[in-house]
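# Summary of the model geometry
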Amino acid sequence: MHNILDYGAIGDGATNDAPAIQRAIDTCAAEGGGVVWVPGGHTYLTGQLTLRSHVTLNLVSGATLLGSLDPADYPEGALIQADGAENLAITGTGTIDGQGVKFMREDRTYIYALDRLRDFRPRFIMLTRCRNVTLRDVTLRDSALWCVHLLGCEDVLIQGIRILNDLKVPNCDGIDPDRSRNVRISDCYIQAADDAIVLKARAGYDELGPCENITVTGCTLLTRSAGLKIGTESHGDIRNVVFDSCVVLGSSRGVSIQLRDGGNVENIICSNLIMRSELLYHEYWGKSEPIYISAYHRRPGRKLGRVRHVRVSNVLCQGENGLFIGGSEDSVIEDVALDNVRVEIGKTSQWPGGLYDRRPYGGEDEVGVYAHRNAGVYIERARDVALRNVRVAWGERRPDYYGPALECHDVEGLELAGFQGQAAHPDRDPAMVIE
């Protein structure tokens with residue numbers, strides 16, 4: 001047990017305690033491992049901390065690590081980072097506060113603005129090529145950028161943590177498993193302006209392999225972007241993913257699969273979900289689609305992978321738009337089944353609707369957001385799609401741009417079993433449009 005106060009930490013919220021905390025971590029690692037103890041009742045101002053193998057950083061209740069506002073205190077660009085470490089953990093019921101809002105330049109009412117090329121923002125927790133990682137019970141507050149980024153990590157357990165980010169800070173994702181394997185995320189509460197939990201396979205890291213064997217269970221997610229997301233960074237394969245028993249609120253999209261690059265997305269199960277989406281300020285991607293599955297080119301002429309083998313079951317969702325499944329001529333969505341899904345669509349926000357959103361998008365027409373009547377379920381360029389016991393219901397407020405219950409274009413092998421629903425305006429539109 002290594003108490004950071006014994007290594008010179010002050011805990012007055014003004015003195016930079018990073019050197020003292022780092023000495024405790026390094027000594028603990030040099031002695032073969034153990035616990036670095038962060039006592040309660042203090043606020044410890046700190047810049048970057050580097051975790052070591054076999055070290056647990058434990059924050060006692062009432063202890064706060066407060067991120068510095070000086071960019072010079074982040075030589076690796078993250079508040080807490082590790083590279084190539086194993087058997088490391090961050091635990092306890094204390095708090096890590098990144099002061100993210102103070103890195104913002106301007107409040108534009110619905111989102112903070114900043115110069116993305118000039119303004120510095122540290123990541124919160126950045127773990128690269130680490131094995132046997134545990135994050136449990138801590139509260140992570142006010143991240144300025146991605147909160148928990150796992151790049152090329154293996155055997156990760158994230159359980160019972162709270163992420164409380166400002167709902168106007170751009171790019172403050174909750175948890176980002178990126179080319180990582182065997183990751184379990186459970187029983188977490190995440191509040192974030194950007195994607196709450198998002199799986200990635202970034203460019204430039206092919207040696208780290210795919211992102212695979214990921215489970216997310218029992219989480220409550222409040223976000224202005226997507227609640228449970230795969231992509232858009234999909235330069236490698238993303239596969240064997242389970243999203244189960246989660247609640248998603250306030251989002252621009254509930255479940256979102258956005259293939260935009262050369263990797264493949266396959267073997268995805270989404271089950272036992274309750275989701276509520278809404279239209280938001282236009283800088284947020286998404287047009288209130290509770291379920292969104294897509295494969296579009298990020299840039300013209302580049303190779304595009306495939307989305308296949310997706311199962312969605314036992315879902316109750318509400319939104320201002322319907323479900324969306326859309327592929328491309330050279331990347332048709334394959335083998336998707338929706339079973340026991342109810343979607344209720346109705347106008348609830350001030351923002352304009354009658355739109356679909358393909359951003360980021362580099363197709364021939366180069367239009368990311370385009371006008372189109374909103375269907376209860378919209379499908380284009382897909383093969384072997386099954387809608388079993390799917391019900392479309394419309395709310396009381398039905399703008400003119402609401403259309404049929406089901407609209408399909410270039411869909412091969414469509415199975416309908418127990419599909420229920422009518423057009424939003426049955427005196428004008430048919431219940432189904434299949435071309």
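Higher on the page you've got the structure.
What comes next concerns the included structure.

What counts, and where the lines are drawn
Residues numbered from 1 in each chain as written. Predicted model: local features only at pLDDT ≥ 70, side-chain atom pairs only at ≥ 80, totals over all residues. Heavy atoms only, no water. Helix = DSSP H or I, 4+ residues; strand = E, 2+ residues; numbered from the N terminus. Rg over C-alpha atoms; globule rule 2.2 N^0.38 Å. Buried < 20%, exposed > 50% of the residue type's maximum accessible area, 1.4 Å probe, protein only. Contact = heavy atoms within 4.5 Å. Lys, Arg positive; Asp, Glu negative; His and termini not counted. Charge placed at Lys NZ, Arg CZ, Asp CG, Glu CD. Pairing = 2+ DSSP bridges. Phe/Tyr/Trp six-rings, centres within 6.5 Å; stacked < 30°, edge-to-face > 60°.

### Some words on the overall build of the protein chain
- A tally of helices and strands in the protein chain yields 1 helix and 37 strands.
- Taken over C-alpha atoms, the radius of gyration comes to 23 Å for the protein chain, in line with the 22 Å a tight globule of 435 residues would show.
- Overall size of the protein chain, expressed as C-alpha extent along the three principal axes, is 75 × 40 × 40 Å.
- The buried share among the 435 residues of the protein chain stands at 60%.
- Put simply, 75% of the contacts in the protein chain that link residues at least 6 apart link residues at least 24 apart.
- Each charge class in the protein chain was averaged separately, 46 positive and 59 negative side chains, and the resulting centres sit 2 Å apart.

### Looking at the pairing of strand 14 (residues 131-136)
- Alignment of strand 9 (residues 86-92) against strand 14, held across 4 bridges, turns out to be parallel. Following the sheet pairing, Ile90 is matched in strand 14 by Leu135.
- Note that strand 14 and strand 17 (residues 154-159) share 5 bridges and pair parallel. From the neighbouring strand, Arg131 faces strand 17, where its bridge partner is Glu154.

### Observations concerning the environment of Gly413
- Tracing the sequence through the fold places Gly413 in strand 36 (residues 406-417).
- Residues Gly413 and Tyr292 lie 121 residues apart in sequence; the distance between their C-alpha atoms is 20 Å.
- Those residues in contact with Gly413 that lie beyond four places of it in its chain are Asp384 and Val385.

### Quick notes on the packing of aromatic side chains
- Applying the stated criterion across every chain yields a total of 13 aromatic pairs.
- Geometrically, the ring pair formed by Phe103 and Phe120 is edge-to-face, given 6.4 Å between the ring centres and 65° between the ring planes. Placement of Phe103 in the loop between strand 10 (95-97) and strand 11 (106-107) and of Phe120 in the loop between strand 12 (112-113) and strand 13 (123-128) is noted, with a sequence separation of 17 residues between them.
- The class for Phe103 is buried, based on a relative accessible area of 10%.
- Look at Tyr296 and Tyr361: their rings are 5.7 Å apart centre to centre, the planes differ by 90°, and that puts the pair in the edge-to-face class. Of this pair, Tyr296 sits in the loop between strand 29 (289-295) and strand 30 (307-319) while Tyr361 sits in the loop between strand 33 (355-357) and strand 34 (369-371), and the two are 65 residues apart along the sequence.
- Looking at Tyr296, the relative accessible area reads 2%, which means it is buried.
- Each residue in the set Tyr292, Phe324, Tyr356, Tyr370 and Tyr378 is aromatic and connected to the rest through ring pairs, giving one cluster.

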